Amino acid sequence: MLCQSCNERTATIHLTEITEGMRAETHLCEACAQKQGLAVKSQIPLNELLSTLLAAQTESQGGQAPAEAAADIRCPSCGMTFQTFLQKSQLGCPHDYKVFDEPLKAIIQKAQNGHARHRGKVPASAPVDTRDQIKLMNLRQQLEEAVRNEDYETAAKLRDMMENLQ
Amino acid sequence: MKPADLSRHVSKWFDGSGPGADIVISSRIRLARNLAGYEFLPCLTARRQAEVLEKLKEAILPLDLGEAVFFVDVDASSTLEQDLLVERHLISRQHAHGKGPRGAVIAPSESFTAMINEEDHLRIQVFKTGQQLKECWQQINRIDSAIEQKVDYAFDPEYGYLTACPTNVGTGIRVSVMLHLPALKMTGQIDKFFNAARDGDLMVRGLFGEGTEAVGDFFQLSNQVTLGASEEQIVEEFVGLIVPKITQYEAAARQVLLTQQVDAVDDKIQRALGVLKSARLISSQEALFLLSHVRMGINLGRVDGISLDAVNELFMLTQPAHLQLNTGETLDADHRDAVRAKMIRSRLCAN
């Protein structure tokens, strides 16, 4: 996105002003922002940064934004909705990365300088694949319930299933 | 061992003994990890949070870390103990004042800590004095692999290590250097540092104090991007590129001060010493600000009779929680300012 003032440099400062319910956005580069006398915080906490990105994401794509269309998606494992994630910028469980799919990927790419694929360390033990993780989580929840109900026969079965997965 | 036992000495990472520590005070690497099969903290019930704590505690406590580590039940600790750990950079403020079962495994040398149930299930950090990022990475990588043999981390072939906040996903790595840049500040060139940080997509924060404001020309510089590059690449960018560049800027600015503005430098240092040696009330902010000038003076060879050790000790031990634990009483801000001033006077005038 180019700076609205000079139309030359990349806009790195994004202002959102809400006046009488009307939302106005200004996108400026650092030099123009300084010229206009805007004090810029040089340190932005990550969460704040992410919220800004999320807001920019929703706005820039108008009413049809994937982020908005995805607002109601709910993770069957942890109950987190995409909307709640947008507000709190924290996910509910590992499974969310799959459930929120493309809209989340767009946000990750924005936050991660365009990257969307891991290129670093991989656990030495064979990675538990995502499906197994969900199964494990569900099994663990069922196991908890079985133990609470003193249904030790089911609990033993669940434990064996979990051990097979691990 | 308990947290209060740490309160009387300077952390190794701040003792100025490492390579290049006059500018790069210390190096730190942190890895964020979560257990497979458990929700992230926002959706984790207190009961399962306690399970995560037990699991990780059991996995980490028996590890061979070269020294006998100890566990701190952060939830059950006093506010003073929690704040002490924050002041020593062993746990985060968020972890200290969070809720539910949570804890920290700490090495007495303070080179390693594990925060359990902070924003992620596990955050381990390795801390070293001076510029030793590669050594930090080697050590933390080894520890991480050892933990991994005992627990299953949430890992996805596409996104890597999964974290509660997507700003940490992938490597989960946060590489930081703590910098002292008084000459860049004094010569009006601190923008050079901010620009270098921005160009490298890095985050700048203060090193001391409550907020993110940089007090006393101390800065923390960290990577923001955690996905799409390997840990070694991220470390290498600091070691090969960013740190040498900033060190060079600061060293050049110090040279300018010594050759062209020596009176201005001496004036700043001596005024700082004058206030520190005579003040009867001093806030931690003011102390940090003035001690920063003295630290610069010692590193430039402009101060006689005061050791770097003494100054480093004052930086650390005059912080609010340290002050109160060491005097053995809870003090309000006014009393703290008096006790702090007295401590500084006796330490500096004795030299």
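Keep in mind it's a predicted model, so treat the numbers as computed, not measured.

Novice: So what's going on with the pairing of strand 5 (residues 122-129) of chain B? Which residues, and what values?
Specialist: All names here are of chain B. Judged by how many residues are buried, strand 5 sits mostly within the fold: eight of eight residues are covered. Of the two faces of strand 5, the one lined by Leu 122, Ile 124, Val 126 and Lys 128 and the one lined by Arg 123, Gln 125, Phe 127 and Thr 129 are each fully buried. By the bridge criterion, eight bridges tie strand 1 (residues 24-33) to strand 5 in an arrangement that is antiparallel. Residue pairing for strand 5: Arg 30 is matched across the bridge by Gln 125.

Novice: Can you break down helix 2 (residues 79-87) of chain B residue by residue, with the values?
Specialist: One full turn of an α-helix is made of 3.6 residues, so residues set three or four places apart face in the same direction. All names here are of chain B. For helix 2, the full list of buried residues reads Glu 81, Gln 82, Asp 83, Leu 84, Leu 85 and Glu 87. Against helix 3 (93-96), strand 3 (103-106) and helix 11 (320-327) lie the buried residues of helix 2. Looking at the residues trailing helix 2, positive phi occurs at His 89, about 65°.

Novice: Quick rundown of the interface of chain B and chain A? Include the residues and the values.
Specialist: Taken together, the contacts link 40 residues of chain B with 39 residues of chain A. Element by element, the count of residues in the side of chain B that touches chain A is highest for strand 9 (residues 202-206) of chain B, at three residues. Residue composition of the side of chain B that touches chain A, grouped by class: 21 nonpolar, eleven polar and eight charged.

Novice: Give me helix 9 (residues 284-299) of chain B: which residues, what numbers.
Specialist: Residues and elements named next belong to chain B. Look at helix 9: 22 Å from first C-alpha to last across 16 residues, which is about the 22 Å you get at 1.5 Å a residue. Taken across its 16 residues, helix 9 has twelve buried, putting it largely inside the fold. Those residues of helix 9 that sit buried are Ser 284, Ala 287, Leu 288, Leu 290, Leu 291, Ser 292, His 293, Val 294, Arg 295, Met 296, Gly 297 and Ile 298. Where helix 9 terminates, the next one or two residues include Gly 301, which has phi positive at roughly 75°.

Novice: Mind laying out the confidence of the model for chain A, listing which residues take part and the relevant values?
Specialist: Of the residues in chain A, 69% reach a pLDDT of 70 or more, and the chain-wide mean stands at 77. Between the elements of chain A, mean pLDDT differs from a low of 59, seen in helix 2 (residues 46-60) of chain A, to a high of 94, seen in helix 5 (residues 96-99) of chain A.

Novice: Lay out the nonpolar core in plain terms, naming residues and giving numbers.
Specialist: Considering soluble globular proteins, one finds that nonpolar side chains tend to be buried as a cluster. Judged by nonpolar contacts, the single largest core of 126 residues is most densely connected at Ile 29, Ala 104, Ala 114, Ile 140, Leu 179, Leu 291 and Val 294 of chain B. The element that contributes the greatest number of residues to this core is helix 7 (residues 231-260) of chain B, accounting for eight residues. Core analysis: the next-biggest nonpolar cluster, separate from the first, contains six residues, Cys 3, Leu 28, Cys 29 and Cys 32 of chain A among them.

Quick notes on the rules
- Residues numbered from 1 in each chain as written.
- Chains lettered and ligands numbered in written order.
- Predicted model: local features only at pLDDT ≥ 70, side-chain atom pairs only at ≥ 80, totals over all residues.
- Buried ≥ 20, exposed ≤ 12 C-beta atoms within 10 Å, placed from the backbone.
- Helix = DSSP H or I, 4+ residues; strand = E, 2+ residues; numbered from the N terminus.
- Pairing = 2+ DSSP bridges.
- Contact = placed C-beta atoms within 7 Å.
- Nonpolar A, V, L, I, M, F, W, Y, C, P; charged D, E, K, R; others polar.
- Expected span 1.5 Å × (residues − 1).
- pLDDT = per-residue confidence, 0-100.
- Core = buried A, V, L, I, M, F, W, Y, C linked by C-beta atoms within 7 Å.

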